[in-house]
Amino acid sequence: MGVNMKGKSFLTLMDLTPAEIRYLLDLSHDLKRKKRMGLHGKALKGKNLVLLFEKTSTRTRCSFEVAARDEGCGVTYLDPGSSQMGKKESLEDTAKVLGRFFDGIEYRGFDQQVVLDLAKHSGVPVWNGLTDLDHPTQILADMMTMEEHIHKPLKDCKVVFVGDVRNNMCYAWLFGCAKMGMRFVGYGPRELIQGADPDILAASQKEAEKTGASLKLSDDIGDIRDADVIYSDIWASMGEEALIPERARLLAPYRVDGEMLAKTGNPDVLFMHCLPSFHDLNTRLAKEWMDKGVDIREVTDEVFRGRHSVVFDEAENRMHTIKAVLVATL
């Protein structure tokens, strides 16, 4: 049976069937091939979308803008200072207004409930560009990248997320692996494992029972064995700067280095990262914290720039997968 996602919001992978995720990945590969050939479609000609950003971004904003324009779609960008949402106008009212102007709404911010409410009240497809609990467009790009570099089905792949297992990328991977029947390990300190959201763990496990996925949070280095992907993220997100010294103390043993990759036993293991990354001292934040005696680098420069790393393929694939989501839902 064919997949039809027209008019559907993209809020979390948990809302999609495995067949819909497979459709989006296949469409992403197709759209990437066409772009490489210089072929641009007009699937979104006459459409307009709005990007609502409460958190700054490089990849997400550029991906949505380039993807939309490649397909003939108009784009309006609104940052927190450019609209009345939540200040002089309620979220519900803003959603209803934007739904009259635009064919779709992207939201990138903090609270998952905001993107849910936008979808509830706007009457048009809404796309989650990142919240504190989820990052579904990133997982689509990551799966696409895995399919380009690992020559076996996703269901036979093992992903190990290393670091703070309570963050949105770990949760997003739990959702994605549960849906696609994959093996997943969240590898981090016991103290952080105990703080993982029990509702998210329960929902992911329930889905895993349907698809045959294997999901686990662990502080045992042995559980990274046979990984196809070692995945990392920065140790403190926007708004968590005060937590950096304590996070660095907890997570320093989980810095991804060559020794960790070797312990997977897989000579072709991939290193993946959603970016931005602290892998050297060429950023203001990394240098400032190092001057205070705090090393915030979550991965060594050797690994980040080495042969196992596919981080820039991932970054490019954000655009191709987001284009697929736009085309499929509009």
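Rules of the game
Residues numbered from 1 in each chain as written. Predicted model: local features only at pLDDT ≥ 70, side-chain atom pairs only at ≥ 80, totals over all residues. Heavy atoms only, no water. Core = buried A, V, L, I, M, F, W, Y, C linked by side-chain atoms within 4.5 Å. Buried < 20%, exposed > 50% of the residue type's maximum accessible area, 1.4 Å probe, protein only. Helix = DSSP H or I, 4+ residues; strand = E, 2+ residues; numbered from the N terminus. Contact = heavy atoms within 4.5 Å. Pairing = 2+ DSSP bridges. Axes fitted to C-alpha atoms, helices over the stretch in contact; angles between N-to-C directions. Right-handed = clockwise from strand over helix to strand, strands pointing away.

Sorry, what's going on with the nonpolar core here?
Generally speaking, nonpolar side chains in soluble globular proteins are found buried as a group. Met146, Trp173, Met182, Phe184 and Ile230 are the most contacted members of the largest nonpolar core, which has 94 residues in total. No other element matches the ten residues that helix H6 (residues 168-180) contributes to this core. Phe184 has contacts with Val159, Phe161, Cys170, Trp173, Leu174, Cys177, Ser214, Leu215, Lys216 and Leu217, leaving out every residue within four places of it along the chain.

In this structure, what is going on with the sheet that holds strand E5 (residues 158-162)? I would like to understand it.
Sheets are built from strands that pair by backbone hydrogen bonding, the pairs being arranged parallel or antiparallel. Ordered in space as E7-E6-E5-E8-E9, the five strands form an open sheet in which the pairing is parallel. Of all strands in the sheet, those with a lone pairing partner are strand E7 (214-218) and strand E9 (270-273), marking the two edges. For this sheet, the mean angle separating the axes of adjacent strands, direction not counted, is 20°. Against the sheet, helix H5 (residues 136-149) engages E5, strand E8 (229-232) and E9, with an angle of about 160° to E9. The strands touched by helix H13 (residues 311-329) within the sheet are E8 and E9, with E9 carrying the most contacts at an inclination of about 50°.

Got a minute to help me understand the pairing of strand E4 (residues 126-130) in this structure?
Successive residues of a regular strand alternate their side chains across the two faces of the sheet. With five of five residues buried, E4 is to be regarded as a mostly interior element. Note on the crossover from strand E3 (residues 104-108) through helix H4 (residues 112-122) to E4: the handedness is right-handed.

I would appreciate a short explanation of the sheet that holds E3 in the present structure.
Strand order in the open sheet formed by four strands is E2-E1-E3-E4, with parallel pairing between adjacent strands. Of all strands in the sheet, those bounded by a partner on one side alone are strand E2 (74-78) and E4. Neighbour-to-neighbour, the strand axes of this sheet turn through a mean angle of 20°, independent of strand direction.

Function-wise, these values are silent; they only describe arrangement.
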